[in-house]
Amino acid sequence: MSANGLDNQKYGLLINYDFCTGCHSCEMACKKEFGLAQDQFGIKVAQYGPVQNSGKKWEFFYMPMLTDLCTLCAPRVAEGKLPTCVHHCQAKVMQYGTIDDLAEQLKVTPKSVLFAPKCC
């Protein structure tokens, strides 16, 4: 069953971490939507760097990661809305859709990750 309860497709999130600004809006929106405790997250933004790699190039990026608490906002999606993290993403780096469609997008979007939660 899908997150929206309307079909048997598997759904997920495609996140382009090359443009994530680390604003944590996705975290806050999720906490507000589900009333999560201060130490609980449905999505959590991790930071890598700054690190100077062996090529002397500096790396520094943020990566929003889904936790086991993520349901891809099944109640919101059932109402025809986007998951709250996608809706509130300031940099618009998150896409919600079927795994098949997102996998196709992943092929042409460097520095992206595809999350397919067990729930959805």
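1. Description of the packing of aromatic side chains
Scanning the model with the defined rule gives four aromatic pairs in all. Relative to Tyr-96, the ring of Tyr-11 lies with its centre 5.3 Å away and its plane at 15°, an arrangement referred to as stacked. On the criterion of sequence distance, the pair formed by Tyr-11 in strand β1 (residues 11-16) and Tyr-96 in strand β4 (residues 94-98) is long-range, its members being 85 residues apart. Accessibility assignment for this pair places Tyr-11 and Tyr-96 in one class, buried. These aromatic residues form a ring-pair network of at least three members: Tyr-17, Tyr-48 and Phe-61.

2. Things to note about the confidence of the model for the chain
Per-residue confidence for the chain averages 93 on the pLDDT scale, and 95% of its residues sit at or above 70. Element-level mean pLDDT values for the chain span from 95 in helix α2 (residues 74-78) up to 98 in helix α3 (residues 84-88).

3. Some thoughts on the side chain of Thr-84
Tracing the sequence through the fold places Thr-84 in helix α3. With a relative accessible area of 1%, Thr-84 lands in the buried category. The residues touching Thr-84, leaving out its near neighbours within four places in the chain, are Ala-29, Cys-30, Glu-33, Cys-73 and Arg-76.

4. Some words on the sheet that holds β4
Pairing within the open sheet is antiparallel, and its three strands lie in the order β4-β1-β5. A single partner strand is all that each edge strand has here, and the edge strands are β4 and β5 (112-115). Strand after strand, the sheet turns through a mean of 20° between neighbouring axes, direction not considered. Taken together, the five bridges between β1 and β4 define a ladder with antiparallel strand orientation.

5. Notes on unusual backbone geometry
Between Gly-49 and the following residue, Pro-50, the backbone shows a cis peptide bond with an omega angle of 10°. Relative to the elements of secondary structure, Pro-50 occurs in strand β2 (residues 43-52). Here Lys-56, not a glycine, exhibits a phi torsion of approximately 70°, which is positive. Notably, Lys-111 is not glycine yet its phi reads approximately 55°, a positive angle.

6. Some thoughts on the environment of Gln-52
Structurally, Gln-52 is set in strand β2. Filtering out sequence-adjacent residues up to four positions away, Gln-52 remains in contact with Lys-57 and Trp-58. At 3.3 Å, the side chain of Gln-52 and the backbone oxygen of Lys-56 are in polar contact.

7. So, the pairing of β2
In this structure, β2 lies alongside strand β3 (residues 58-66), joined through eight bridges in antiparallel fashion. By the bridge assignment, Ala-46 is partnered in β3 with Met-63. Hairpin connection between β2 and β3: a loop of five residues separates the two successive antiparallel strands, and Lys-56 in this loop has a positive phi of roughly 70°.

The rules behind the values
Residues numbered from 1 in each chain as written. Predicted model: local features only at pLDDT ≥ 70, side-chain atom pairs only at ≥ 80, totals over all residues. Heavy atoms only, no water. Phe/Tyr/Trp six-rings, centres within 6.5 Å; stacked < 30°, edge-to-face > 60°. Helix = DSSP H or I, 4+ residues; strand = E, 2+ residues; numbered from the N terminus. Buried < 20%, exposed > 50% of the residue type's maximum accessible area, 1.4 Å probe, protein only. pLDDT = per-residue confidence, 0-100. Contact = heavy atoms within 4.5 Å. Pairing = 2+ DSSP bridges. Axes fitted to C-alpha atoms, helices over the stretch in contact; angles between N-to-C directions. Polar contact = N/O pair within 3.5 Å; in protein donor to acceptor, adjacent residues only side chain to side chain.

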